[in-house]
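Each chain, written out:
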Amino acid sequence: MAEDAANIADMSFEEALRALQQVVRQLEDGEVPLDQSITLYERGEKLRAHCQARLDAAQARIEAIVLDAKGQPTGTKAFDGAE
């Protein structure tokens with residue numbers, strides 16, 4: 001399991017999302033034995049957490065453009081999710 005977590009940590013957002021989608025498809029098919037379903041679910045949760053962490057990191061780097069009274073860009077400010 002530690003090796004799997006290390007592999008997930010090295011994935012890009014897109015790779016992790018594709019892997020998560022594959023896990024969901026396998027679980028939805030209902031053809032997977034119970035023990036394997038549990039393992040897949042655990043992997044899916046790790047992939048979901050990794051994707052969420054990547055999204056959170058990206059959001060933290062987004063900068064909002066600050067406009068003056070005439071609507072002209074005057075600089076940037078860190079995006080904090082608040083308006």
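Here is what the cut-offs are and how they apply
- Residues numbered from 1 in each chain as written.
- Predicted model: local features only at pLDDT ≥ 70, side-chain atom pairs only at ≥ 80, totals over all residues.
- Heavy atoms only, no water.
- Helix = DSSP H or I, 4+ residues; strand = E, 2+ residues; numbered from the N terminus.
- Contact = heavy atoms within 4.5 Å.
- Areas by Shrake-Rupley, 256 points an atom, 1.4 Å probe, with all protein chains shown as cover.
- pLDDT = per-residue confidence, 0-100.
- Expected span 1.5 Å × (residues − 1).
- Core = buried A, V, L, I, M, F, W, Y, C linked by side-chain atoms within 4.5 Å.
- Buried < 20%, exposed > 50% of the residue type's maximum accessible area, 1.4 Å probe, protein only.
- Salt bridge = Lys/Arg side-chain N within 4 Å of Asp/Glu carboxyl O.
- Polar contact = N/O pair within 3.5 Å; in protein donor to acceptor, adjacent residues only side chain to side chain.

Q: Teacher, can you tell me more about the overall build of the protein chain here?
A: The number of helices and strands found in the protein chain is three helices and two strands. Walking the protein chain from its N terminus toward its C terminus, one meets helices and strands in the order α-α-α-β-β. In the protein chain, 47% of the contacts between residues at least 6 apart in sequence involve partners at least 24 apart. Carbon and sulfur atoms form 53% of the exposed surface of the protein chain, whose accessible area is close to 6400 Å².

Q: Would you mind showing me how to read the confidence of the model for the protein chain here?
A: For the protein chain, the mean per-residue pLDDT works out to 84, and 76% of the residues sit at or above 70. The spread of mean pLDDT over the elements of the protein chain runs between strand S1 (residues 63–67), the lowest at 57, and helix H2 (residues 13–29), the highest at 97.

Q: How do you make sense of H2 when you look at a structure like this?
A: Within an α-helix, residues lying three or four positions from one another point in the same direction, as the helix has 3.6 residues per turn. With 17 residues, H2 extends 24 Å from end C-alpha to end C-alpha; this agrees with the ideal 24 Å at 1.5 Å per step. The positive-phi residue at the C-terminal boundary of H2 is Gly30, with phi of around 75 degrees.

Q: How should I be thinking about the nonpolar core in this particular structure?
A: If you look at soluble globular proteins, the nonpolar side chains tend to sit buried side by side. Membership of the largest hydrophobic core is limited to ten residues, which are Ile8, Met11, Ala16, Ala19, Leu20, Val23, Val32, Leu40, Leu47 and Cys51. Among the secondary structure elements, those contributing two or more residues to this core are H2 and helix H3 (34–61). Per-element accounting of this core gives the leading share, four residues, to H2. Apart from residues no more than four positions distant in its own chain, Met11 is found in contact with Ala16, Ala19, Arg43, Leu47, His50 and Arg54.

Q: Would you take a moment to explain the pattern of salt bridges for this structure?
A: Charged atoms that come close allow side chains of opposite charge to pair. Going through the model one piece at a time under the given rule, you end up with one salt bridge. Of the charged contacts in the structure, one is a salt bridge between Arg48 and Glu45, with a shortest N-O distance of 2.7 Å. Remark: Glu45 and Arg48 occur in helix H3; sequence separation between them is three residues, near one turn of the helix.

Q: Explanation requested: the side chain of His50 in the structure shown.
A: With respect to the helices, strands and loops of the structure, His50 is situated in helix H3. When its relative accessible area of 12% is taken as the criterion, His50 is described as buried. Here the side chain of His50 touches Ile8 through a polar contact of 3.3 Å, landing on its backbone oxygen. Residues within four places of His50 in sequence aside, it is in contact with Ile8, Ala9, Met11, Ser12 and Ala16.

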